Amino acid sequence: MMYSMAYRSSSAVVHMSTTELREAAGPKLVALLDANAVIEVGPYGRSRTAVVVAPQRYDELEEAFEEMHELKERLLPMFQAAAREQLTLPSELYLLLTKSAGLELNSDWRALTRFLAENPVATTRDEDGNPIATARLTTSYVGELDEDLE
Amino acid sequence: MVIAEPWYPHPDSYWVETSEVNEYPFRYGDLFNAPAECLDANGDPWPAVLVLHPSCDLGAKAKPALPILVARVEAVVAHGRDEAVQTKIRAGWAEKDGAVLVAFANSCWLSAPPDQPAIDLYADFRRTRTVAFNALTEAGRRAAMTHDARVHVIRREIYFKYRWKTTLADVFAAEKERIGGDATFGGPRPAWAS
């Protein structure tokens, strides 16, 4: 996915031998992770045995994975269903796909909003692309005083 | 955890049927004609208003001069030929680079009301003001929001105000508890809170 590709390209990858990791792991790991590095662990010249990233980076990877999963599991089937009804969706990828397929889209708002209500997607980012805070609501209704502050 | 939920309900379940509207007291989410004092900066009247005020102040506690919070409402097609904008308002989200983003957080899509069934609307949470309760009722209610739609609008308003995404299930549960504890609740109760 584009998000995870951007993540890869902007991260420095540091190669570290298992011996080096064992002997100088603590301080070096902390310094590298503080610098937002991606650390490949393994014998020099051979395939890596582990990749170490800072917790924040790991969270970003998880989010990117979830979004990719969402795209594959929900958005793409949704795009197919919307294309069958020739609906316009608020999606760059969908519009690109339907345009390249030469599909004429309609602007029937009622058909679109019915479709959207029946085919929900998970909104995971704010208007600027940042992760959204999710709040869980718990309630315990206590009533209120029957008086007003005028 | 990723939870897939629509921002808005089915368009045909947004407003109370005209034949039943008188059974429903005024509440948060109801659509009114705009009172005369609701004007744009250039002096044009607002097309309509959506009540964003706590329902209790519109019922037993209502007083003629009580200031009631409302948001400006206009037709989605007021955005002219920009169908991309219109589609984002209707969805409340937009896909970009494989991620699903909130679109126009200040907007809240409203299905077409029974008195104008061809034209869907949206409320602008950024353009709010207060109007006197009696000015609002004199302007007249155009449509009463269904309890289900109200839950969706509350969720959208929470996101606009605090930038917290909540689940529909949580807002339904909170509203159910609130209704259950409201001894003065008027009109038909939603099936999920009876």
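Residues numbered from 1 in each chain as written. Chains lettered and ligands numbered in written order. Predicted model: local features only at pLDDT ≥ 70, side-chain atom pairs only at ≥ 80, totals over all residues.

1. What to know about the overall build of chain A
Regarding its fold elements, chain A presents 5 helices and 4 strands. Within chain A, buried positions represent 16% of all 150 residues. (Helix = DSSP H or I, 4+ residues; strand = E, 2+ residues; numbered from the N terminus. Buried ≥ 20, exposed ≤ 12 C-beta atoms within 10 Å, placed from the backbone.)

2. Observations regarding the overall build of chain B
What chain B contains, in helices and strands, is 4 helices and 9 strands. Each helix (α) and strand (β) of chain B, taken in turn from the N terminus, gives the series β-β-β-α-β-β-β-β-α-β-α-β-α. By the compact-globule yardstick of 16 Å for 194 residues, chain B fits well, its C-alpha radius of gyration being 17 Å. Taken along the three principal axes of its C-alpha coordinates, chain B extends 50 × 45 × 30 Å. Here chain B holds 194 residues, and 41% of them are scored as buried. (Rg over C-alpha atoms; globule rule 2.2 N^0.38 Å.)

3. Brief notes about the interface of chain B and chain A
At the interface, 42 residues of chain B touch 44 residues of chain A. Every element with two or more residues in the side of chain B that touches chain A is listed here: α1 (83-91), β4 (93-96), β5 (99-102), β9 (164-165) and α4 (168-180) of chain B. Of the residues forming the side of chain B that touches chain A, the biggest block, 7 residues, is contributed by α4(B). Its residues assigned to classes, the side of chain B that touches chain A comprises 21 nonpolar, 7 polar and 14 charged. As paired strands, strand β4 (residues 133-134) of chain A and β9(B) are joined by 2 bridges and run parallel to one another. Note on β9(B): the bridge partner recorded for A:Ala133 is B:Trp164. (Contact = placed C-beta atoms within 7 Å. Nonpolar A, V, L, I, M, F, W, Y, C, P; charged D, E, K, R; others polar. Pairing = 2+ DSSP bridges.)

4. Looking at the sheet that holds strand β2 (residues 48-51) of chain B
Spatial strand order, β6-β7-β3-β2-β1-β8 (chain B): 6 strands in an open sheet with antiparallel pairing. Two strands in the sheet have a free side with no partner beyond their single neighbour: β6 (107-110) and β8 (141-143) of chain B.

5. Some remarks on α1(B)
Along α1(B), the positions that sit buried rather than exposed are B:Gln86, B:Thr87, B:Lys88, B:Ile89, B:Arg90 and B:Ala91. The inward-facing, buried residues of α1(B) abut α5 (109-118) of chain A together with β4, β6 and β7 (121-132) of chain B. Downstream of α1(B) by a residue or two, B:Gly92 has a phi angle that is positive, lying close to 85 degrees.

6. Comments concerning the environment of A:Glu60
All names here are of chain A. When you line up the elements, Glu60 lands in helix α3 (residues 55-84). What makes Glu60 partly exposed here is the crowd of 17 C-beta atoms within 10 Å. Sequence spacing of Glu60 and Ile132 is 72 residues, and the spatial spacing of their C-alpha atoms is 13 Å.

7. Side note on the packing of helix α3 (residues 147-162) of chain B against α4(B)
Residue and element names in this part refer to chain B. At their nearest, the axes of α3 and α4 sit 9 Å apart, and the two run at 115 degrees to each other. In terms of orientation, α3 lies roughly perpendicular with respect to α4. Every pair of crossing elements has a handedness; the one defined by α3 and α4 is right-handed. In this structure, α3 contributes Val151, Ile154 and Arg155 to the contact, and α4 contributes Leu168, Val171, Phe172 and Glu175. Considered class by class, the residues forming the contact of α3 with α4 number 5 nonpolar, no polar and 2 charged. (Axes fitted to C-alpha atoms, helices over the stretch in contact; angles between N-to-C directions. Parallel < 35°, antiparallel > 145°, perpendicular 65-115°, else oblique. Left-handed = near helix turned anticlockwise from the far one by under 90°.)

8. With respect to α5(A)
Among the residues of α5(A), A:Trp109, A:Leu112, A:Thr113 and A:Leu116 are the ones counted as buried. For α5(A), the angular spread of buried residues about the axis comes to 90 degrees, placing them on one side. The inward-facing, buried residues of α5(A) abut α1 of chain B. (Arc of directions from axis to C-beta.)

9. Details of the nonpolar core
Ranked by internal contacts, the top residues of the largest apolar core, which has 58 residues, are B:Val49, B:Leu50, B:Val73, B:Trp93 and B:Leu110. The biggest single contributor to this core is β7(B), with 5 residues. (Core = buried A, V, L, I, M, F, W, Y, C linked by C-beta atoms within 7 Å.)

10. Section: the sheet that holds strand β1 (residues 13-16) of chain A
Residue and element names in this part refer to chain A. Read from one edge to the other, the open sheet built from 3 strands follows the order β1-β2-β3, with strand pairing classed as mixed. At either end of the open sheet lies a strand with only one pairing partner, and these are β1 and β3 (50-52). Across this sheet, the average inter-strand angle for adjacent strands is 25 degrees, counted without regard to direction. Summarising the sheet, β1 and strand β2 (residues 38-41) pair through 4 bridges and their orientation is parallel. Its bridge partner being in β2, Val13 is matched across the sheet by Val38.

11. Points about the confidence of the model for chain B
Low pLDDT marks regions whose predicted coordinates should not be analysed in detail. On average, chain B scores 94 in pLDDT, and the residues at 70 or more come to 99%. We note a pTM of 0.82 for the whole complex and an ipTM of 0.94 for its interfaces. (pLDDT = per-residue confidence, 0-100.)

12. Section: unusual backbone geometry
With phi around 60 degrees, A:Gln86 is a residue other than glycine that occupies positive phi space. When you line up the elements, A:Gln86 lands in the loop between α3 and α4 (92-100). In this model, B:Asp97 sits at a positive phi of 55 degrees, which is unusual for a non-glycine residue. Inspection of the secondary structure puts B:Asp97 in the loop between β4 and β5.

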